[in-house]
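Examination of the molecular architecture
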Amino acid sequence: MNVDTAYVRPADMEDAISIKASLRAAGMYGCGLTAAQLGWGVKGPEQTIIDISGLDFGPDVCLADSGSMVLAANAPLERLRLNPLISGQMPTFADFLGYVGSTAMRNQASLGGNLLWGAGDLEVLFAVVDAKLRFAGNGRAQSLGQITSDRSDDLLVSIIVPALQESRIFVEKLGHRQAFSPARVVVAGCVGRQSVRLAVRLAGNPVVLVETSWPMNGPLDDALFTGDTDIHLKTVAHNLLRGHLAQLAQQDMA
Amino acid sequence: MNAVTGLEEKLRGTFRYLAEGQPEGTLHGALLTSPLAHATIRRLDVSAARSLNGVHAVVTAADVPSDFLMGTAILDRPPLARAKVRFQGEPIAAVAAETKAIADAALALIAFELEPLPIVSAPRDALDEGAAKLHDSGNLCSDFIYSRGDARADFEDCAHVIDHTLTTPRQVPAAMELEGGICIPSPTGIELRAATHSPFYTRSLIASMLGLPDKEVRVIGSPIGGSYGGKEEIHIQPVLALLAWTARRPVRLVLERSQSMAFATTRHPFEIALKIGCDRAGRLLALTADVLVDNGAYASFGPEVLDTGMECIQSAYAFKSVSLRGRLAYTNNGVGGAFRGFGALQTLTAIELAVDILARKASIDPLAFRRINLAGANDPGPLGQAIIPQPELSKVADALSALPVWRDETPSQRYLSGTGYALVRKGEGFAGGGPNGASGVLALTLDGQVTFQSSLVEMGQGLESTVRNILLASFDLGDADICCATGSSDAGADSGPTSASRGTQIALRLIRAGKMPFLEKLYVGAAEILQVPMDALRLGPGGFYQRMAPQNKPDLSLSDLAASAGEIVTRIDIPGIETTQAGVKVHTLFTACAARAGVRIDRWTGQVVCTGLDLLPACGPPISPLAFHGQMTGAGAQALGFCLTEHQPYEEGTVMARNFDSYFIPTIADVPDINVHPVTWLAPDDPVGIRGAGEIGLNAAAPAIANAVASALDAAPTHLPVRPEWVLGVLARQGRTP
Ligand SMILES: Cc1cc2nc3c(=O)[nH]c(=O)nc-3n(C[C@H](O)[C@H](O)[C@H](O)COP(=O)(O)OP(=O)(O)OC[C@H]3O[C@@H](n4cnc5c(N)ncnc54)[C@H](O)[C@@H]3O)c2cc1C
């Protein structure tokens, strides 16, 4: 880490927001900084880092009365992976976390950083489960796809994953090797009683989300495989979705 | 005995490698490297950089004697580009300055103009008549021709014939420790602390460049933080030495990873076209091989790599006739060099794939096919040379056949599985002409320790623990009584390079040869001091004991012996185990190894996962079992990279992977359980009794993995690493995609 970099440790959430408001584009929120540093040259960041990793965003995970899960945006991924509420409610998520970076990375990397960075693997999974992102200040919760402006201007506080009792979820990432590899393809699906939500990220392209009826009786929507990438990755994404969906359909038949 | 030198310090992070712990006032060294792969240097002006405050040296080719070139068989590489650059990342100039910032500023002040030349990127194009020449001698760096019998006629007699062509990857050494070091000048010479496999060779090379007598150059070459061959080369030492000698100040110069990815010598990509045939009974009759190697810009160890690859291209099998041609072409794709496996890895993988294809065609089980064709214990070597007999080959085949059967994977719609085998051999040490002999010293030092001094180097392979185990087994002494001094030109005796899997063999033979004369000196000294006949004494833990009056502490401790008699020294010289043969370079001592690999192939993604690996090295009894195991499992991991993930691509001379985020070394998650089953039996009259473990595991593991892929897919890989795209293409052609 470069010694010339300016870091600010706000006292609390309000402090963080007011520092950001005064610095505007010259400041940025930083949590684990594991994604942010990928864009830095040897000189380090050009903006002042507003360190939110130590702020109190509530418990890492809590269950709302509705059965939905509320996750703290600054919770480190490894803590989430080991959290019993997550392995109980959404074991697919806990397992998938094992494919994000390495243990050392996950000890630093936060859920919020992953979802807002722009190329995080978890975005694909959180898109199909229709997770909502709650930002400080505006009590409104937004879906991932609705966040179109600069993703890191507002402070993300929590992520709400709706109750998924009747849904079946799959998510899979293909990298260059088993682990610790940038994703080449990430696919996810969430099959409900009458509909299925499918999402794909091909290499560095944006996540594409499609919702359709279940059981499916037509081909997969071509829109899922758009994006600037080679045909191989499109084939792989197609195979993965087809394969997982066929398995789920078989389960339904059984 | 600990297999890892400085284990505790390494775990605590306090272990220091050679480029760490520089003296006060050490200058920062930095390199200006070529952005172009092939160009004429039209202008190079370092005057502004030289006059910058805080800069103590700026060196270019003009500071190196004009006839100074580096290489082994062919001297063609200047330490700093002279008149031309031949690969992207080639050093053009270097600076030593008080801080990194000043060094960077000085680099920016160097004015240079490069006039681009046509880039030679494909070895086949390099050998075309009209290709741009990298060197005045042309682009054919070296070639290899050998034939035995009449292959053309023997193919006529074959019942089954197959062709197979394999291209292999440009693997980078990817050691954690980057190339570099520290150089400390004195009024009359220098001390160079930088990783090398061969401290004496490095010493004489640097001394000749600086015009110094050898004795004024001290080289400390180990511990090395990973090499895999990359630091067998002379890397950045000459530039570092030149900077320190010019600046008259200590200098530290360590490459950055992005520089290393372009500068480090890599494994040579081979294109291997094979045709082999057998009779109805499965006996191999003929082999033709045409091998084309991408050498990169400078010869380095390329000619030796080609020779070794061609020598190993028959693997462990007896072909009736062979016709072999190999060519090594200069290109602008970095520099190929020494790399664990040394050319044999590439050709062994190709031939083992071909053998399996032929076995399948002949409807013979691959293991049975190998047995039918195994070279006889007393057969001449692959190129007709006299070799140390290899009766262990059949033991290795027995052990391979006797491996417990793997449980079949549960059949699945998604995955295919396959098992592959390999049985290989490779020469140990250097080919005839060497350097194969070695020298070392056994000494009772003044602090009372029996010390083995050699210039062999520790690079994480466990040399020191192996030497200590040999000393303990040779002298009935305690752990505190022995010492191993390795890795520098202080040794007083040149043990030759720690390369070509020869380190353990050399240490063992030196200690074995020196043991009796050294013991004799110790006994004479002890008898004189204790005033008893020599045969009344016994050497034991701590010193000498009188046989007739046994005590629980020595009658004469080793330190008292040293205090009275002074340092007791025995210099040892051993000859090389080698033969020479007209026209080809040949090895005499061979190591055999077999392997079995399992893979699982994902029909949805084309991804290949190695699910298990058995290695059966015939290296005699492991001297340091943990270090031996480490060599084998490390080799398995490196084989995985070679087969499945690693390749440094060049596009028109441009290095495409500058870091490990785009060059994929297998991680622990990719490495399956690797089971090592040492085949410890070697012939009782074997002149060494052991074989080196450095390379052979890799040479067997890679072809076994490639064969496992072939067996799962029913199609042999044509390119390594195996790409998921290729796998899905094969499955699509076979109608086996989901
Ligand atoms: C070696 C390595 C391996 C990696 N492997 C993976 C991988 O396998 N999969 C993967 O998905 N990612 C991977 N990453 C990327 C990254 O580590 C993760 O995506 C991580 O989750 C990012 O979290 P962070 O807390 O470090 O984000 P930071 O770097 O701190 O922030 C990332 C961005 O989000 C913004 N931000 C962060 N938190 C908030 C918040 N609460 N409110 C508003 N804005 C916020 C920041 O301003 C910044 O723009 C890897 C990175 C590295 C260096």
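Residues numbered from 1 in each chain as written. Chains lettered and ligands numbered in written order. Predicted model: local features only at pLDDT ≥ 70, side-chain atom pairs only at ≥ 80, totals over all residues. Heavy atoms only, no water.

It is worth spelling out the overall build of chain B at this point. On a plain count of helices and strands, chain B comes out with 18 helices and 28 strands. For 738 residues, the compact-globule formula gives about 27 Å, and the C-alpha radius of gyration of chain B, at 27 Å, lands near that figure. Dimensions of chain B along its principal axes, counting C-alpha atoms only, are 80 × 75 × 50 Å. Across the 738 residues of chain B, 62% fall into the buried class. In chain B, of all internal contacts separated by at least 6 residues, the share reaching a separation of at least 24 is 81%. (Helix = DSSP H or I, 4+ residues; strand = E, 2+ residues; numbered from the N terminus. Rg over C-alpha atoms; globule rule 2.2 N^0.38 Å. Buried < 20%, exposed > 50% of the residue type's maximum accessible area, 1.4 Å probe, protein only. Contact = heavy atoms within 4.5 Å.)

With that out of the way, let us pick up the site of the ligand. Residue and element names in this part refer to chain A. As a matter of local geometry, the ligand sits amid 30 residues, with Tyr29, Thr34, Ala36, Ser110 and Asp121 nearest to it. Here an oxygen atom of the ligand sits 2.7 Å away from a polar atom, N or O, in the main chain of Leu33. Measuring from an oxygen atom of the ligand, one finds a backbone N or O atom of Ala35 at 3.0 Å. In the complex, 90% of the free accessible area of the ligand, which totals 960 Å², lies under the protein chains. Looking at the shell around the ligand, the elements that each hand over two or more residues are strand 2 (27-30) and helix 6 (111-117). (Near = heavy atom within 4 Å. Polar contact = N/O pair within 3.5 Å; in protein donor to acceptor, adjacent residues only side chain to side chain. Areas by Shrake-Rupley, 256 points an atom, 1.4 Å probe, with all protein chains shown as cover.)

Residues Ile276(B), Leu287(B) and Leu324(B) are the most contacted members of the largest nonpolar core, which totals 176 residues. Among the elements that make up this core, the one with the highest residue count is helix 17 (residues 696-713) of chain B (13 residues). Among residues more than four places away in sequence, those in contact with Leu324(B) are Phe144(B), Ile145(B), Tyr146(B), Leu287(B), Ala289(B), Met310(B), Ile313(B), Gln314(B) and Leu383(B). Among the nonpolar cores identified, the runner-up in size contains 52 residues, and Ala16(A), Ile19(A), Phe126(A) and Val171(A) belong to it. (Core = buried A, V, L, I, M, F, W, Y, C linked by side-chain atoms within 4.5 Å.)

Residue and element names in this part refer to chain B. If you check the domain split of chain B, you get domain 1 (3-117 + 173-263), domain 2 (364-427 + 584-738) and domain 3 (438-574). Each of domain 2 and domain 3 was reduced to a C-alpha centroid, and the two centroids are 39 Å apart. In this complex, domain 2 contributes 11 residues to the contact, which on the side of domain 3 involves 14 residues. Taken together, the two surfaces of domain 2 and domain 3 that pack against each other cover about 970 Å², and 57% of this comes from carbon and sulfur. Taken together, domain 2 and domain 3 are joined by 0 salt bridges. (Domains from an automatic or database assignment. Buried area = accessible area lost by both parts, 1.4 Å probe. Salt bridge = Lys/Arg side-chain N within 4 Å of Asp/Glu carboxyl O.)

Interfaces are frequently sized by the accessible area removed from exposure as the parts join. Taken together, the 20 residues of chain A in the interface contact 20 residues of chain B. Counting the surface chain A buries against chain B, the share from its top three residues, Arg177(A), Gln178(A) and Asn239(A), is 36%. Between the two partners, chain A and chain B, sit 5 residue pairs in polar contact (both at pLDDT 80 or more). Of all the secondary-structure elements, those providing two or more residues to the side of chain A that touches chain B are strand 9 (168-174) and helix 8 (231-253) of chain A. With 9 residues, the single largest contributor to the side of chain A that touches chain B is helix 8 of chain A. The residue makeup of the side of chain A that touches chain B, split by class, is 6 nonpolar, 11 polar and 3 charged. (Nonpolar A, V, L, I, M, F, W, Y, C, P; charged D, E, K, R; others polar.)

Residues and elements named next belong to chain A. Read across the open sheet, the 5 strands follow the order 4-5-8-6-7; overall the sheet is antiparallel. Edge positions in the sheet fall to strand 4 (61-63) and strand 7 (141-143), since each of these pairs with one other strand and no more. In this sheet, neighbouring strand axes are inclined to one another by 30° on average, regardless of whether the strands run parallel or antiparallel. (Pairing = 2+ DSSP bridges. Axes fitted to C-alpha atoms, helices over the stretch in contact; angles between N-to-C directions.)

Looking down a regular strand, the side chains alternate between one sheet face and the other. Residues and elements named next belong to chain B. Within strand 9 (residues 180-185), 6 of the 6 residues are buried, which leaves it mostly tucked inside the rest of the structure. Across the two faces of strand 9 the burial is the same, with Gly180, Ile182 and Ile184 and Gly181, Cys183 and Pro185 all buried. By the bridge criterion, 4 bridges tie strand 9 to strand 12 (residues 251-254) in an arrangement that is antiparallel. Across the sheet, residue Gly181 finds its bridge partner in strand 12, namely Leu253. As paired strands, strand 9 and strand 10 (residues 190-194) are joined by 5 bridges and run antiparallel to one another. Each bridged residue has a counterpart across the sheet, and for Ile184 the counterpart in strand 10 is Glu191. In sequence, strand 9 turns back onto strand 10 through a hairpin of 4 residues.

With respect to the helices, strands and loops of the structure, Gly101(A) is situated in the loop between helix 4 (91-97) and helix 5 (103-108). Setting aside anything within four residues of it in sequence, one finds Gly101(A) in contact with Arg106(A) and Phe180(A).

What follows is about the packing of helix 6 (residues 199-210) of chain B against helix 7 (residues 237-247) of chain B. Residues and elements named next belong to chain B. With their axes 10 Å apart at the nearest point, helix 6 and helix 7 run at an angle of 45° to one another. Compared by their axis directions, helix 6 and helix 7 come out oblique. Taken as a pair, helix 6 and helix 7 cross one another with a handedness that is right-handed. In this structure, helix 6 contributes Thr202, Ile206, Met209 and Leu210 to the contact, and helix 7 contributes Gln237, Pro238, Ala241, Leu242 and Trp245. Here the contact of helix 6 with helix 7 is composed, by residue class, of 7 nonpolar, 2 polar and no charged. (Parallel < 35°, antiparallel > 145°, perpendicular 65-115°, else oblique. Left-handed = near helix turned anticlockwise from the far one by under 90°.)

Our focus in this paragraph is helix 14 (residues 503-530) of chain B. All names here are of chain B. Between its first and last C-alpha, helix 14 extends 38 Å over 28 residues, near the 40 Å set by a 1.5 Å rise per residue. Along helix 14, the sharpest change in direction is near 45° and occurs at Lys515; proline Pro517 comes one to four residues later. A positive phi of about 60° marks Gln531, the residue just after helix 14. (Expected span 1.5 Å × (residues − 1). Bend = angle between axes of the 7 residues up to and from the residue.)

A separate point is the packing of aromatic side chains. A complete count under the given rule lists 6 aromatic pairs over all chains for this structure. Judged by centre distance (5.1 Å) and plane angle (80°), the ring pair of Phe93(A) and Phe126(A) falls under edge-to-face. Taken together, the positions of Phe93(A) in helix 4 and Phe126(A) in helix 7 (residues 122-128) put the pair 33 residues apart, joining distant regions of the chain. The exposure classification of Phe93(A) matches that of Phe126(A), with both residues buried. When the ring of Phe301(B) is compared with that of Phe342(B), the centres are 6.2 Å apart and the planes differ by 70°; the resulting orientation is edge-to-face. Taken together, the residues Phe301(B) in the loop between strand 14 (284-296) and helix 9 (302-311) and Phe342(B) in the loop between strand 15 (321-330) and helix 10 (344-361) connect sequence positions 41 residues apart. This pair shows no difference in class: Phe301(B) is buried, exactly as Phe342(B) is. We note Lys395(B) situated over the ring of Trp681(B); from NZ or CZ to the ring centre the distance is 4.7 Å. (Phe/Tyr/Trp six-rings, centres within 6.5 Å; stacked < 30°, edge-to-face > 60°. Lys NZ or Arg CZ within 6 Å of the ring centre and 35° of its normal.)

For the rest of this paragraph, the subject is the side chain of Glu232(B). All names here are of chain B. Structurally, the position occupied by Glu232 is in the loop between strand 11 (217-220) and helix 7. Here Glu232 sits buried without a salt bridge, and the closest side chain of opposite charge, Arg502, lies 8.9 Å off (N-O distance). Reaching out from Glu232, the side chain makes a polar contact with the side chain of Ser499 at a distance of 3.1 Å. Contacts of Glu232, omitting those with residues within four sequence positions, involve His197, Ser227, Phe301, Ala338, Phe430 and Ser499. (Lys, Arg positive; Asp, Glu negative; His and termini not counted.)

Another point: the domain arrangement of chain A. All names here are of chain A. Assigned domains of chain A: these are domain 1 (7-161) and domain 2 (168-253). Just the C-alpha atoms count here: the centres of domain 1 and domain 2 sit 24 Å apart. Counting residues at the interface gives 19 residues for domain 1 and 20 residues for domain 2. Summed over both sides, the interface between domain 1 and domain 2 buries roughly 1,500 Å², with carbon and sulfur atoms accounting for 68% of that surface. Applying the counting criterion to the domain 1 and domain 2 interface returns 3 salt bridges. The partner of Lys173 in a salt bridge is Asp121, and the shortest N-O contact between them spans 2.7 Å. Along the contact surface separating domain 1 from domain 2 lie 7 residue pairs in polar contact (both at pLDDT 80 or more). Of all the secondary-structure elements, those providing two or more residues to the side of domain 1 that touches domain 2 are helix 4 and helix 7. For the side of domain 1 that touches domain 2, the element with the most residues is helix 7, which contributes 5 residues. For the side of domain 1 that touches domain 2, the residue count by class is 11 nonpolar, 5 polar and 3 charged.

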